[in-house]
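Observations on chain architecture
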Amino acid sequence: MEYKGIKELEDRIRCAKGDRKADLVLKNATIVNVFTGKLQKRDIAICDGVIAGVGEGYEGEVEEDLNGLYAIPGLIDAHMHIESSMLTPLELSNVLVHHGTTCVIADPHEIANVMGAEGIRFMIDNAKEAILDYFFMLPSCVPATHLETSGAYLGWVELVELAKYPCVLGLAEMVNYPGVLNCDNEVLKKIEAFQGKIIDGHCPGLSKKELQAYICSGIGSDHESVDPDEAVEKIENGLFLMIREGSTAKNMEAIVPVIDRHNFFRACFVSDDLHPEDIVERGHLDFVLKKAVSLGMDPIMAIQMTTLNPASYFGLRERGSISAGKKADIVVVNNLEEFQIVKVYKDGKEVKKEDSKHAFKSFNNTMNIRGFSQEKLKIPYSEQVRVVEIIPDQIINREVIVNPKSKDGWIISDPERDILKICVVERHKGTGNVGVGLVKGLGIKKGAIASSVSHDSHNIIAVGVEDLDIYRAVLEVAEMNGGMVVVSEGKPIAKLRLEVAGLMTQRPIEILIEEIEGLKKGVEYIGSKVKNPFMTLSFLALPVIPELRITDKGLVDVNNFRFTSLSLK
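Residues numbered from 1 in each chain as written. Predicted model: local features only at pLDDT ≥ 70, side-chain atom pairs only at ≥ 80, totals over all residues. Heavy atoms only, no water.

Concerning the overall build of the protein
In terms of helices and strands, the protein carries 17 helices and 30 strands. Relative to the compact-globule value of 25 Å for 569 residues, the protein shows a C-alpha radius of gyration of 24 Å, a close match. Dimensions of the protein, computed from C-alpha atoms along their principal axes, come out at roughly 90 × 50 × 45 Å. Contacts in the protein between residues far apart in sequence, at least 24 positions, make up 70% of those at least 6 positions apart. Treating the 65 positive side-chain charges of the protein as one cloud and the 83 negative ones as another, the clouds have centres 1 Å apart. (Helix = DSSP H or I, 4+ residues; strand = E, 2+ residues; numbered from the N terminus. Rg over C-alpha atoms; globule rule 2.2 N^0.38 Å. Contact = heavy atoms within 4.5 Å. Lys, Arg positive; Asp, Glu negative; His and termini not counted. Charge placed at Lys NZ, Arg CZ, Asp CG, Glu CD.)

What to know about the layout of surface pockets
Approximately 910 Å³ is the volume found for the largest pocket. Ranked by residues supplied to the lining of the largest pocket, first place goes to strand E8 (residues 133-138) with 4 residues. Here the residues of the lining of the largest pocket sort into 15 nonpolar, 1 polar and 16 charged. Here the lining of the largest pocket spans two domains, since at least three of its residues come from each of domain 1 (6-68) and domain 2 (75-290). (1 Å grid on protein atoms, 1.4 Å probe; cavity = no way out; pocket = protein on both sides within 12 Å on 5 of 7 lines; lining within 4 Å. Points joined across faces, edges and corners; volume = space filled by probe spheres on them. Nonpolar A, V, L, I, M, F, W, Y, C, P; charged D, E, K, R; others polar. Domains from an automatic or database assignment.)

A look at the pattern of salt bridges
Counting across every chain of the model gives 37 salt bridges. Put simply, Asp-133 and Lys-346 hold a salt bridge, and the shortest N to O gap is 2.8 Å. Of this pair, Asp-133 sits in strand E8 while Lys-346 sits in strand E15 (residues 341-346); the two residues are 213 residues apart in sequence, bridging distant segments of the chain. Here Asp-133 matches Lys-346 in class, with each residue buried. Across the pair Arg-497 and Glu-499 runs a salt bridge, and its minimum N-O distance is 3.5 Å. Connected via shared salt-bridge partners are Asp-133, Glu-318, Arg-319, Lys-327, Asp-329, Lys-346 and Asp-347. (Salt bridge = Lys/Arg side-chain N within 4 Å of Asp/Glu carboxyl O. Buried < 20%, exposed > 50% of the residue type's maximum accessible area, 1.4 Å probe, protein only.)

Some remarks on the sheet that holds strand E22 (residues 419-425)
As summarised here, the arrangement of the 8 strands in space is E19-E18-E23-E22-E25-E24-E26-E27, forming an open sheet in which the pairing is mixed. Here the strands that pair on one side only, and so sit at the sheet edges, are strand E19 (397-402) and strand E27 (491-497). Across the sheet, the axes of successive neighbouring strands diverge by a mean angle of 25°, strand direction being ignored. One ladder, built from 4 bridges, connects strand E24 (residues 448-451) with strand E26 (residues 483-488); its direction is antiparallel. Each bridged residue has a counterpart across the sheet, and for Ala-450 the counterpart in E26 is Val-485. (Pairing = 2+ DSSP bridges. Axes fitted to C-alpha atoms, helices over the stretch in contact; angles between N-to-C directions.)

Quick look at the sheet that holds strand E30 (residues 562-564)
Pairing is antiparallel in the open sheet, where 3 strands are placed in the order E28-E29-E30. Each edge of the open sheet is held by one strand with a lone partner, namely strand E28 (548-551) and E30. Neighbouring strand axes in the sheet, compared pairwise and without regard to direction, differ in orientation by 45° on average. Sheet topology note: the strand E29 (residues 554-557)/E30 ladder contains 3 bridges and is antiparallel. Looking across to E30, one finds that Leu-555 is bridged to Thr-564.

Remarks on the packing of aromatic side chains
Scanning all chains against the criterion turns up 5 aromatic pairs. An angle of 90° between the planes, with centres 6.4 Å apart, marks the rings of Phe-264 and Phe-265 as edge-to-face. Note on Phe-264: relative accessible area 12%, which makes it buried. By relative accessible area, Phe-265 is classed as partly exposed at 48%. Of the aromatic side chains, those joined through ring pairs into one cluster are Phe-240, Tyr-313 and Phe-314. In this structure, Lys-378 packs its charged tip against the face of Trp-410, placed 5.1 Å from the ring centre. (Phe/Tyr/Trp six-rings, centres within 6.5 Å; stacked < 30°, edge-to-face > 60°. Lys NZ or Arg CZ within 6 Å of the ring centre and 35° of its normal.)

A few points about the nonpolar core
The biggest cluster of nonpolar side chains holds 110 residues, and the ones touching the most others in it are Ile-111, Tyr-134, Phe-136, Met-174, Val-439, Ile-449 and Val-463. The residues that make up this core include at least three from each of domain 2 (75-290) and domain 3 (374-568). With residues near it in sequence (within four places) discarded, Ile-449 still touches Ile-444, Ile-461, Ala-462, Val-463, Ala-473, Val-485, Val-486, Val-523, Ile-526, Pro-533, Phe-534 and Leu-537. Ranked by size, the runner-up nonpolar core spans 35 residues in total, among them Val-32, Ile-235, Phe-269 and Leu-336. (Core = buried A, V, L, I, M, F, W, Y, C linked by side-chain atoms within 4.5 Å.)

Regarding the domain arrangement of the protein
Entries for the protein in the domain assignment read domain 1 (6-68), domain 2 (75-290) and domain 3 (374-568). On a C-alpha basis, the centres of domain 1 and domain 3 stand 54 Å from each other.

Considerations on helix H2 (residues 89-96)
Within H2, 8 of the 8 residues are buried, which leaves the element mostly enclosed by the surrounding structure. Among the residues of H2, Pro-89, Leu-90, Glu-91, Leu-92, Ser-93, Asn-94, Val-95 and Leu-96 are the ones counted as buried. The elements touched by buried residues of H2 are strand E6 (75-80), strand E7 (101-106), helix H4 (117-127), E8, helix H11 (276-282) and helix H16 (509-525).

Let's talk about empty space enclosed by the protein
A complete count under the given rule lists 6 cavities of 30 Å³ or more for this structure. Together, 18 residues line the largest cavity, and His-81, Glu-173, Asp-273, Asp-456 and Leu-542 are the ones closest to its centre. A class-by-class count of the residues in the lining of the largest cavity yields 6 nonpolar, 5 polar and 7 charged. Both domains that meet at the lining of the largest cavity, namely domain 2 (75-290) and domain 3 (374-568), each give it at least three residues.

So, the state of the cysteines
A full pass over the atoms with the stated rule returns 0 disulfides. Unpaired in terms of disulfides, Cys-141 finds its nearest cysteine sulfur in Cys-203, a separation of 12 Å. With no disulfide of its own, Cys-167 lies 11 Å from the sulfur of Cys-103, the closest cysteine sulfur. Since its relative accessible area comes to 15%, Cys-167 is described here as buried. (Disulfide = S-S within 2.5 Å.)

Examining the environment of Leu-295
As for its placement among the helices and strands, Leu-295 is situated in the loop between helix H12 (285-294) and helix H13 (299-304). It is 12 Å that separates the C-alpha atoms of Leu-295 and Asn-251, two residues lying 44 residues apart in sequence. Apart from residues no more than four positions distant in its own chain, Leu-295 is found in contact with Met-252, Glu-253 and Val-256.

Describing unusual backbone geometry
Note that the residue after His-455, namely Asp-456, is joined by a cis bond; omega there is -5°. For the peptide bond that leads from Pro-546 to Glu-547, omega is 25°, which places it in the cis range. Even without being glycine, Asp-48 reaches a positive phi, approximately 55°. Relative to the elements of secondary structure, Asp-48 occurs in the loop between strand E2 (38-47) and strand E3 (50-55). Positive phi values are uncommon outside glycine, yet Ala-501 reaches one of about 60°. Of note, Ala-501 is situated in the loop between E27 and H16.

Structure below.
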């Protein structure tokens, strides 16, 4: 643990020995010892924001009696895309810290695809003032693939320069797993540039020799497992398993049953992508702990997987436990079943609601849809076409073949069968690219919705019944400099503004939630009963998750990593 000088170090040592009073002593805490898996009734002595000692009889300038309440280490989210919360790092910190999260390892992949290195620097600078601690993994795939138009390019040279920031831990999820397997020169240069550092993975469905090839490149983790066999194979072969429980992808129920005393130390829980509504309604890692226990996991094991395990994997030696020399990031909970947060201490100070911090910065317009027109939404009739079918509560989808509805030689939406027209409009370079297709599973009966949040390149994605409404929805998003909109009869009926790169807002979560509620009412008005259609929509343009996706360049067969035609002819 760092210290400012010999005097500060001396103070800590004397405090640990009991020769001087601590700044703060938390008395009568039931401490979860993540090293032994046992509970201990102890006092916690804190000096200069660091735990000086854990034991009995400590005295402090300030003493607080926890009366036997449980003290667990500050929670660590090992893989999160902050942008999915639609909040800046600073605003997100104001919320997450009250759910016991004191450290987040973020992958700013989303803003990097819009603004490149400038976007990453904004995230790092904005995070410096946050209550909780942020570390960053540098996006490995900007652009994510050649199958879409991104707003930026980050090669190994740019990444090495960004890696000079002390808060950067390594290379973020290597989304382009086909590039690894096919020895793509640019991909391998990035991996080589981060030799000896942490490199996170992203390899859905990889198995046997392909998995061996991916791992031998130096990649150390994966958060894409969706079934028990996949999870076990990855752990057995040395990958650190990040079990995802986000807003769209929820994998705990499938994977928790195969985590046991023999392998739990090679796993942790992550949120990946978490919608602001879910943070408010259910929480963050505090919710994950409660769910893990409800699924039959030992509560102390679950705590280890949200504290010590991620700290060990990332080499964050000053975190992950309540023990001498560690940061005084401590969460007090009522019990080890409900995990209701009673108090949170960050660097030895209790965090209160009034401690929230805010910052505002003006941003350039990132919307350039030059060349887009309603005419580009037309699809010539074909007897059989490919349709993207959404699988509820999963990030993966499947391809289905249908006979489409048509009028005057053009394919049109068919709300009776829940088959709707979808488009992705390039918004970074004004290329005029518009990918069009069909999607099943959103349940919209009239009108349209559109959003500038569409992984990974975040072009404008829209879906609806009538071409006019789809067209108007896209224009509304562009006019707001990014955001989300519901349109009916050619007019917007609900909006959400995301002024930071079309991905985030600098406003507090309370205002954000109000606008989300407006979107929900708008979506209900146009007939959809899907819980979160905008979050679902945001993943339909992601051409690295099976099975069928759509980008500004067209329809993508992800299994074969290539474009495919809408028509079967």
